[in-house]
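Residues per chain are reported as follows:
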Amino acid sequence: MNMTMERIKTGIPELDNILGGFPAGKTILITGDPGTGKTIFGMEFAKSCCEQGIKTAYISTEESACDLRLQGKSFGWALESFEEKGTLKFIDITGKRAAEIKSALSISMDAQKGNFEDLIDNLPEGTRVLIIDSLGNHTSNLMSFEFRDRFDLLVYNLAIKGITALIILDSVTSKEFNDIALFSAYGAIQLMKKENPYTDRRERVMDIVKMRNTKTPIQLITYEIGPKGIELISASDVPPEP
Ligand SMILES: Nc1ncnc2c1ncn2[C@@H]1O[C@H](COP(=O)(O)OP(=O)(O)OP(=O)(O)O)[C@@H](O)[C@H]1O
Ligand SMILES: [Mg+2]
């Protein structure tokens, strides 16, 4: 039973029925192929945290804050109002700025290895939830043992700070790195596109690969990206958490 564990609503009602929310203070991974909805998932969680009054930071390595706001708007999410209140902070390290930072620091293998700590050392005061979208392009130069050390250190530092983290791993990240991260994280959800052999149609499916201290369904869950964000279609028959 997990009744004593504090949880934070994911923002996806059907998923909250299954999990009871993400375990607070833990690191959860979101993995998946391009276009499966990882960013939308991350933003939906950020929105949910803000609605719960939890101070949230969203580090974006691929999409500008402007693009993320637009993506949020397409679902009717008023993210700017949370930014104005100081509940939400987009930390945009994409494109030109990232290139400038890289050349200014002349990021070599060694500096690259230090990236994970840099990311979390500069969060706004009082941040309780962090979304990193994504870690893939910060890891490509690492050896697997380095990735393991760095990822473990990141998870450890987040835990020390009591930060609940959603770390998105994109498909740039190798299978080996994915496996290492899966092992170290407290929970992991994989998003996929799959052929349904019965209908011959492609479907979006979610695999709750692991979620410690939580009863999870073994079945894949079909989902759609609808007008309000991610909607689960067929959840499993696992009873909801108390
Ligand atoms: N407002 C919307 N309504 C319905 N579907 C949408 C809407 N906005 C985006 N989508 C769909 O959601 C998909 C997934 O978007 P998202 O950016 O979250 O994927 P991702 O897994 O983060 O991809 P990447 O690996 O490129 O970062 C898009 O490819 C698009 O098909
Ligand atoms: Mg994305």
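Residues numbered from 1 in each chain as written. Chains lettered and ligands numbered in written order. Predicted model: local features only at pLDDT ≥ 70, side-chain atom pairs only at ≥ 80, totals over all residues.

**Topic: the overall build of the chain**
1) Next: From N to C terminus, the chain includes nine helices and eleven strands.
2) Next: Burial statistics for the chain: of 242 residues in total, 37% are counted as buried.
3) Next: Taking all contacts inside the chain whose residues are at least 6 apart in sequence as the whole, residues at least 24 apart take part in 71%. (Helix = DSSP H or I, 4+ residues; strand = E, 2+ residues; numbered from the N terminus. Buried ≥ 20, exposed ≤ 12 C-beta atoms within 10 Å, placed from the backbone. Contact = placed C-beta atoms within 7 Å.)

**Quick notes on the sheet that holds strand 6 (residues 129–133)**
1) Next: Read from one edge of the open sheet, nine strands run 5-4-6-7-3-8-9-10-11, paired in mixed fashion. Since the sheet does not close on itself, it has two edges, and those belong to strand 5 (88–92) and strand 11 (229–234), each with one partner. Ignoring strand direction, the axes of neighbouring strands in this sheet form an average angle of 25°.
2) Next: Where strand 8 (residues 187–196) and strand 9 (residues 201–211) come together, ten bridges link them in antiparallel fashion. (Pairing = 2+ DSSP bridges. Axes fitted to C-alpha atoms, helices over the stretch in contact; angles between N-to-C directions.)

**Observations concerning the site of ligand 1**
1) Next: In the neighbourhood of ligand 1, 13 residues make up the surrounding shell, with Pro34, Lys38, Thr39, Ile40 and Ser74 lying closest.
2) Next: In terms of residue count, the dominant contributor to the shell around ligand 1 is helix 2 (residues 38–51) (three residues). (Near = placed C-beta within 6 Å.)

**Regarding helix 9 (residues 175–184)**
1) Next: Within helix 9, burial applies to Phe177, Ile180 and Ala181. The arc that holds every buried residue of helix 9, seen down its axis, measures 95°, which confines them to one face. Opposite the buried face of helix 9, by more than 90 degrees, sit the exposed residues Lys175, Glu176, Asp179 and Phe183. (Arc of directions from axis to C-beta.)

**Points about the environment of Asp92**
1) Next: Topologically, Asp92 is positioned in strand 5.
2) Next: Sequence spacing of Asp92 and Ile59 is 33 residues, and the spatial spacing of their C-alpha atoms is 6.0 Å.

**What about the pairing of strand 11?**
1) Next: Sheet topology places strand 10 (residues 221–226) next to strand 11; five bridges connect them, and they run antiparallel. Counterpart to Glu224 in the pairing with strand 11 is Glu231.
2) Next: Counting the residues that bridge the hairpin from strand 10 to strand 11 gives two residues.

**Brief notes about the environment of Tyr58**
1) Next: Within the secondary structure layout, Tyr58 lies in strand 4 (residues 56–60).
2) Next: C-alpha of Tyr58 to C-alpha of Asp92: the two residues are 34 residues apart in sequence and 8.1 Å apart in space.

By themselves these figures say nothing about function.
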